[in-house]
4 protein chains.
Amino acid sequence: GPHAPVNVAEFHALAKAKLTPMVYGYFSSGADDQQTLQDNEEGFRRLRFRPRVLIDVSNADMMTEVLGVKISFPLVVAPTAMQRMAHPEGELATARAVAKAGTVMGLSSWSTTALEDVEAEAPGSPKWFQLYVYKDREVTKQLVMRAEAAGYKAIALTVDTPRLGRREADIKNQFNLPPHLTMGNFAMLKQANMENDGGSGLAAYVASLIDRSLSWKDIQWLKSITKMPILAKGVVTAEDAVLAVENGCAGIIVSNHGARQLDGVISTIDALEEVVNAVQGKVPVFVDSGVRRGTDIVKALALGAKACLIGRPVVWGLSVAGEQGITYVLDMLKKEFELAMSLCGCVKVSDINRSMVIRDAFAPYDVRRTLPPSKA
Amino acid sequence: GPHAPVNVAEFHALAKAKLTPMVYGYFSSGADDQQTLQDNEEGFRRLRFRPRVLIDVSNADMMTEVLGVKISFPLVVAPTAMQRMAHPEGELATARAVAKAGTVMGLSSWSTTALEDVEAEAPGSPKWFQLYVYKDREVTKQLVMRAEAAGYKAIALTVDTPRLGRREADIKNQFNLPPHLTMGNFAMLKQANMENDGGSGLAAYVASLIDRSLSWKDIQWLKSITKMPILAKGVVTAEDAVLAVENGCAGIIVSNHGARQLDGVISTIDALEEVVNAVQGKVPVFVDSGVRRGTDIVKALALGAKACLIGRPVVWGLSVAGEQGITYVLDMLKKEFELAMSLCGCVKVSDINRSMVIRDAFAPYDVRRTLPPSKA
Amino acid sequence: GPHAPVNVAEFHALAKAKLTPMVYGYFSSGADDQQTLQDNEEGFRRLRFRPRVLIDVSNADMMTEVLGVKISFPLVVAPTAMQRMAHPEGELATARAVAKAGTVMGLSSWSTTALEDVEAEAPGSPKWFQLYVYKDREVTKQLVMRAEAAGYKAIALTVDTPRLGRREADIKNQFNLPPHLTMGNFAMLKQANMENDGGSGLAAYVASLIDRSLSWKDIQWLKSITKMPILAKGVVTAEDAVLAVENGCAGIIVSNHGARQLDGVISTIDALEEVVNAVQGKVPVFVDSGVRRGTDIVKALALGAKACLIGRPVVWGLSVAGEQGITYVLDMLKKEFELAMSLCGCVKVSDINRSMVIRDAFAPYDVRRTLPPSKA
Amino acid sequence: GPHAPVNVAEFHALAKAKLTPMVYGYFSSGADDQQTLQDNEEGFRRLRFRPRVLIDVSNADMMTEVLGVKISFPLVVAPTAMQRMAHPEGELATARAVAKAGTVMGLSSWSTTALEDVEAEAPGSPKWFQLYVYKDREVTKQLVMRAEAAGYKAIALTVDTPRLGRREADIKNQFNLPPHLTMGNFAMLKQANMENDGGSGLAAYVASLIDRSLSWKDIQWLKSITKMPILAKGVVTAEDAVLAVENGCAGIIVSNHGARQLDGVISTIDALEEVVNAVQGKVPVFVDSGVRRGTDIVKALALGAKACLIGRPVVWGLSVAGEQGITYVLDMLKKEFELAMSLCGCVKVSDINRSMVIRDAFAPYDVRRTLPPSKA
Ligand SMILES: Cc1cc2nc3c(=O)[nH]c(=O)nc-3n(C[C@H](O)[C@H](O)[C@H](O)COP(=O)(O)O)c2cc1C
Ligand SMILES: Cc1cc2nc3c(=O)[nH]c(=O)nc-3n(C[C@H](O)[C@H](O)[C@H](O)COP(=O)(O)O)c2cc1C
Ligand SMILES: Cc1cc2nc3c(=O)[nH]c(=O)nc-3n(C[C@H](O)[C@H](O)[C@H](O)COP(=O)(O)O)c2cc1C
Ligand SMILES: Cc1cc2nc3c(=O)[nH]c(=O)nc-3n(C[C@H](O)[C@H](O)[C@H](O)COP(=O)(O)O)c2cc1C
């Protein structure tokens, strides 16, 4: 008979069966040939564990701290747009489930629920506001100020999206936000609506409204309008990691946007160590894109990440069973992580160290890539 | 027409056809995505032979010695649990076949036959008792003392199982020991029975009864209650190999538990040489997980193993034809090993040396991984 | 419902469905086992991007210059033979589409339209004439002089075809130019017709008419009969790159003829950097064979190419919808390139540099091959 | 409609369709899991050409010399047993076809035609006699003396077969020489017949009759009974290459017996360069196992081989169309080789040099394997 899903991949399959092709296409797809979509997951598989044994693991402690907030285990929920397409309760269901799980929720600028309503649904539990910078800087400023006023703990500034990636499913499906939904943070504003001219409606939206001129100096501007710490979401090189620190970012999220922006980009787990080495511990480094297992979290932490984020796994949980589905997914990953930690001989999160992983047998030298001398 | 199976893979297929899905699932599966299950076998394929020619191989001598006991060829039978699920005669059939084959039998703590009955079935032929340490140390102590009294030659202390790995087939099948069987070493004790609360019954059993706090100091305790030599089963790193030697282990079994504990762990054949180099000949090093061919045994010995162990191949033989099936499998592997030795130009086991194998053409440098400096 | 093709691969599929097997076989196939055909595309996938972020990309400028001519983006149309087999308008449709796209058209010696007619169809827009050197040097000389007189901007001298590669589809199909078509540059001459003796008609044509004795000294001869700059098309080694420069070539096209000549030859993207390093900036280096995406163009430029050429993608566009099909393909690749540039943080073509790509994670060392000492 | 086969793979398919499963199984199969069978061919694909251009190739000269005999191109026919199973004319057809092709024929000890009859069928054309050393040294001596008397030019002493490899098809099929055939070199002797006891009849034959004690000192014995030069067939290591030279062998055939002996052995093209370097030009080095294309021959020569041998391709030709089939195969490979040479810019065989190939992009360092220090 049928059984409850036992891993993220089974949630993915259930969600696919439930969603319309257009919505499933939007949630699942990566850019162009989806090479990076596959590589993000494969990158984790290229690492192998070197577990330690005969260590008393009877008191596993998964707690960690991100930006001064204690979370139940080193996994944060990434901001993903338009969650009401997955489930009528959308971001509200997510907020409740994430609060219950004791971790941080990332809320997208393109939430289908107003940020204040999301906060109100799970008041006080930690949230990060993901920011897309609009050409209309007044609109942008209002967003940031509202997030701060509502109690959001940080801004995750998305730096990899001056334009939207080519997601061919969306082009073919002429993807558009379904008419009964709006971009909830922009009530009454033109930024609330997507229109479609024959390709991806979202790509057209970004092209017309999002600011392609965004640059490092705008971090100064952002800091001038908010006291919230700023995370640079979408850095994958040492060069940019150094710039992020120099420009006052409070942390870095190594991300390739779930492979939705530039196909062929390095997988994030391959990029992570370069970034970690570059920041030299000055700010925490997070990583997302391709995390599907508790073991993936251990691998990322071994390479120096403070915590991981997940995007699609939460969307699949939400699609399948709303709040309960997300709770199930987060709980499953927490249990997987706890077991993986224990089987590696780690009692607490800080026990996870670089010696716990090597690259796989096809590339048996565990040294860092020799980077070409940067011209930047 | 049908023919007798000619290799381990064909025994596997026959066993699969014969067993119920629940039992087959338990015997065959690895943890999580079964990446390591595949990698254990692939690891052997990544090695290539450099055979020597024009050596008189008319007197092939396969004999070797493990812990002071002569065996007919360098293959030992690994402890595998609950063999009566494979065949009504279970561990008794195994004991007879292994004795006849002239090698060592590993008996699991979770045997479905009492250890004394197993010994009585093949009296005097060498056996190792695999030990899981129970929270109830008195129960554990009784087990060890009974094994010693019965004449077992060594304790194989399993060090990779403070908790049970996530075997998804068992979770889906709500795996449980069939009602007509019991854990034969625990008659009348609560440790004799598995109960099921909706997932893997065995995982629940381990969580409730096995001691997660087991650590290196417990080797001292074990040595205080038995004179049997202690093998650390489940070491895959140089660091732990050194600790095993320092803590008085008489040998090391490089094992990842047949890929059933931590998915993504290094394949044992890739880990072997690191361990061999670390122990510097002070104790013998054995290896299991993925051995399926006589050539695999030659490869392992070339990298420094004293002998290999096999788990599933014996289970498949037992499932297909009881004692006779195991005899067939062991005999086949012995013949394969003898042929492989001869075709490598080796007359006796000690002729097999490091120069006989290289890593494959995709990773043509035959040097050891550079390990990250251990923080431990 | 059906949608417009969204990438080159979909154009390929549509063209395959439309063309006869003989014509499709000729256009699509590579030599022998088609290993290089696959490797040309895979070579690009082995590279990974290291994109830079937070750079103002609001004014993307894709313009570049090739041999003194400004083109709208760094993509040139490679010479491909016998285009009237793809579409009745053949090379005339190509000329119009390429002129409209603002780039250079390569015209094959084996055009099914006379070079003067092609020029007249899109007068003044830049064209390169691809030259095969015939045994009959007078015929060859006339060709070159006519091209110069008609206003062609350069000679692309094909150096990899002293004989035709073994394209097994053509052998099986006994490929021949359909009777209603002729080699348009050779009206009235015997060089205008292909005959078939049971294998590839084109292979027989080349064997009987093309000069196998062509060598570096013939560059001098060519320079003596024309003022047009000469590009060596088909160089894949540092050694030949140096010789090309020494013999006065104005540029190099790193090409393996779309994998149609020597199967097993290095993919061009793998050969590119060696050539770039060897020429030390003395002449521009172009690359073709396997370019299918805007991201491929960025990768090639990162490794030092001045521009890419495409062969089959244009043939597929022409086959599917004539001039309009080519316009669609070129426009799509231009948009893909612009997006890829922007997502890499590049504002103008010259911003694309070596630090933007690394080889993939299976070969993580980004160093150049150590070449064996050349005996030549 | 159907077309003539255009490559060796198509001959293979036609032969498979024509032969009985038992005979096809014998001819085609490799040992155990047939990993090396696949790897032999893949080894060639892992090499990439670095062709040179603009070299006058109008006078391609494929001639070369092996052991003082001129041959039409650097390909020799390997000895393969029992050719009358493929075609009624068996070795006689082969002798005629090979003589016509102007190269050397290897004749197996296990020919189904007497060596004198084979010589008589193509008198004077060069042949090598492949020797298996029988326990009965008198029988062996007679064989060698008869070969010398008949005019054979060399002994190819097979050094990789003290016992027969495990070919599972033969075990399953209980392979035996069909009753109407005999081992033609042993008329009236017990060595003429194979009997079957339930597994591979040939394996039993070898076990009972072939001398497992054969060693380097027997080269002296051989040299004492014949003036023919002796080639060591089956060497794959530098160590044995040095011993072969020291013991007076006139040449080495790098071979793994077409992957029929030890599964997992290094592919011959990967072993070749090590052997070439070890012999330092003192004797010629040949290579077989996996050669299927003219390009493979160029690759082998680039790595230092004097010529290649082919086994199965000739068997497929013979099976499909007797003498004519072999002629077709040899002619096809000659044409492929000539074309490949020309496309590499080589005019004569000695132009093919080390710089013409590199290992593939997944292992881009073209350096030799670092061998472990030999203990032998
Ligand atoms: C459906 C979907 C919507 C997303 N929306 C946003 C967004 O609005 N803003 C943003 O910065 N990232 C967005 N992302 C990227 C995620 O924040 C995160 O980087 C990514 O999902 C991680 O990869 P994973 O899905 O493989 O876990 C989105 C991702 C998905 C899959
Ligand atoms: C069905 C099964 C049961 C096992 N039971 C035990 C056990 O009770 N104790 C233990 O230490 N290892 C156990 N193992 C692991 C084996 O001892 C051995 O490490 C493993 O089977 C070797 O891998 P292989 O199956 O690939 O040969 C078991 C393995 C299998 C497949
Ligand atoms: C159908 C076809 C015809 C071609 N004809 C010629 C030709 O006449 N002269 C020439 O130099 N190259 C010719 N080429 C090679 C192209 O100029 C170019 O090098 C190649 O197509 C690039 O590879 P791609 O097809 O993968 O883009 C031809 C290629 C194809 C596919
Ligand atoms: C059917 C068959 C029979 C063979 N018989 C012999 C033999 O009698 N003696 C020998 O030395 N090698 C024998 N060989 C090995 C060949 O000489 C040669 O090494 C091998 O076929 C080369 O590999 P290839 O088949 O991939 O070209 C045989 C190979 C095959 C396929």
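Up top is the structure these notes are about.
Residues numbered from 1 in each chain as written. Chains lettered and ligands numbered in written order. Predicted model: local features only at pLDDT ≥ 70, side-chain atom pairs only at ≥ 80, totals over all residues. Heavy atoms only, no water.

### So, the interface of chain B and chain A
Interface size is commonly expressed as the accessible area that is lost once the parts come together.
So, step 1. Across the contact, 49 residues belong to chain B and 36 residues belong to chain A.
So, step 2. Remark: the boundary between chain B and chain A carries 10 salt bridges.
So, step 3. Close ionic contact of Arg-50 of chain A with Glu-239 of chain B constitutes a salt bridge, the shortest N to O distance being 2.8 Å.
So, step 4. Here chain B and chain A share 16 residue pairs in polar contact (both at pLDDT 80 or more) between them.
So, step 5. Only helix H3 (35-45), helix H7 (168-173), strand S8 (230-235), helix H10 (238-246) and helix H11 (268-279) of chain B provide two or more residues apiece to the side of chain B that touches chain A.
So, step 6. Across the side of chain B that touches chain A, the residue classes break down as 21 nonpolar, 10 polar and 18 charged. (Contact = heavy atoms within 4.5 Å. Salt bridge = Lys/Arg side-chain N within 4 Å of Asp/Glu carboxyl O. Polar contact = N/O pair within 3.5 Å; in protein donor to acceptor, adjacent residues only side chain to side chain. Helix = DSSP H or I, 4+ residues; strand = E, 2+ residues; numbered from the N terminus. Nonpolar A, V, L, I, M, F, W, Y, C, P; charged D, E, K, R; others polar.)

### Notes on the site of ligand 3
Residue and element names in this part refer to chain C.
So, step 1. As a matter of local geometry, ligand 3 sits amid 24 residues, with Pro-79, Ser-108, Thr-158, Asp-288 and Arg-292 nearest to it.
So, step 2. Lys-233 is positioned with one of its side-chain polar atoms (N or O) 2.9 Å from an oxygen atom of ligand 3.
So, step 3. Protein burial of ligand 3: of its 600 Å² of free accessible surface, 99% is covered by the chains.
So, step 4. Of all elements in the fold, only helix H2 (21-28) and helix H13 (312-343) reach the threshold of two or more residues within the shell around ligand 3.
So, step 5. In the shell around ligand 3, the residues fall into nine nonpolar, 10 polar and five charged. (Near = heavy atom within 4 Å. Areas by Shrake-Rupley, 256 points an atom, 1.4 Å probe, with all protein chains shown as cover.)

### Looking at the arrangement of the chains
So, step 1. Nothing in chain B touches chain C; the tightest C-alpha to C-alpha distance between them is still 9 Å.
So, step 2. A gap remains between chain A and chain D, with no contact made and the closest C-alpha atoms lying 9 Å from each other.

### Brief notes about the nonpolar core
So, step 1. Among the nonpolar cores identified, the biggest contains 477 residues, and Trp-110 of chain A, Trp-110 of chain B, Trp-110 of chain C together with Trp-110 of chain D are the most heavily contacted of them.
So, step 2. Among all residues touching Trp-110 of chain A, those that are not within four sequence positions of it are Ala-81, Met-82, Tyr-132, Tyr-134, Leu-164, Met-183, Leu-202, Tyr-205, Val-206 and Ile-210 of chain A. (Core = buried A, V, L, I, M, F, W, Y, C linked by side-chain atoms within 4.5 Å. Buried < 20%, exposed > 50% of the residue type's maximum accessible area, 1.4 Å probe, protein only.)

### Looking at the pattern of salt bridges
So, step 1. Scanning all chains against the criterion turns up 111 salt bridges over all chains.
So, step 2. The salt bridge involving Arg-96 of chain B is made with Glu-89 of chain B; its shortest N-O contact spans 2.4 Å.
So, step 3. One salt bridge connects Arg-354 of chain C with Glu-273 of chain C, and the closest N-O pair in it is separated by 2.4 Å. Of this pair, Arg-354 of chain C sits in the loop between H13 and strand S12 (357-359) while Glu-273 of chain C sits in helix H11 (residues 268-279), placing them 81 residues apart in sequence.
So, step 4. Bridged by salt links that share partners, the residues Asp-32, Asp-33, Arg-166 and Glu-168 of chain A together with Arg-293 and Glu-336 of chain C form one connected network.

### Points about the relation of the copies chain B and chain A
Here the two chain copies are tied together by a rotation about an axis and a shift along that axis.
So, step 1. With an RMSD of 0.0 Å, the operation that places chain B on chain A is a rotation of 90 degrees combined with a shift of 0.1 Å along the axis. Here the symmetry operator amounts to a four-fold rotation axis.
So, step 2. A distinct binding surface is used by each copy, with only 4% of the interface residues of chain B retained as interface residues in chain A. (Least-squares fit on C-alpha atoms with pLDDT ≥ 70 in both.)

### With respect to unusual backbone geometry
So, step 1. The phi dihedral of Ser-289 of chain B is positive, around 95 degrees, even though this residue is not glycine.
So, step 2. Of note, Ser-289 of chain B is situated in the loop between strand S10 (285-287) and helix H12 (294-302).
So, step 3. Its identity as a non-glycine residue notwithstanding, Ala-259 of chain D has a phi of 65 degrees, on the positive side.
So, step 4. By the secondary structure assignment, Ala-259 of chain D is in the loop between strand S9 (251-254) and helix H11 (268-279).

### A word on the relation of the copies chain B and chain D
So, step 1. For the pair chain B and chain D, the relating rotation is 90 degrees, the translation along its axis is 0.0 Å, and the fit reaches an RMSD of 0.0 Å.
So, step 2. In this assembly the copies use different faces: only 6% of the residues contributing to the interface of chain B also contribute to that of chain D.

### Let's talk about the site of ligand 2
All names here are of chain B.
So, step 1. The full set close to ligand 2 counts 24 residues, and Pro-79, Ser-108, Thr-158, Asp-288 and Arg-292 are the nearest of them.
So, step 2. Within the backbone of Ala-81, one N or O atom sits 3.1 Å away from a nitrogen atom of ligand 2.
So, step 3. Contact between ligand 2 and Ser-108: an oxygen atom at 2.7 Å from a side-chain N or O atom of the residue.
So, step 4. About the coverage of ligand 2: the protein hides 99% of its 600 Å² of free accessible area.
So, step 5. Among the elements of the structure, helix H2 (21-28) and helix H13 (312-343) are those that each provide at least two residues to the shell around ligand 2.
So, step 6. The residue makeup of the shell around ligand 2, split by class, is nine nonpolar, 10 polar and five charged.

All we've got here are geometric facts, nothing functional implied.
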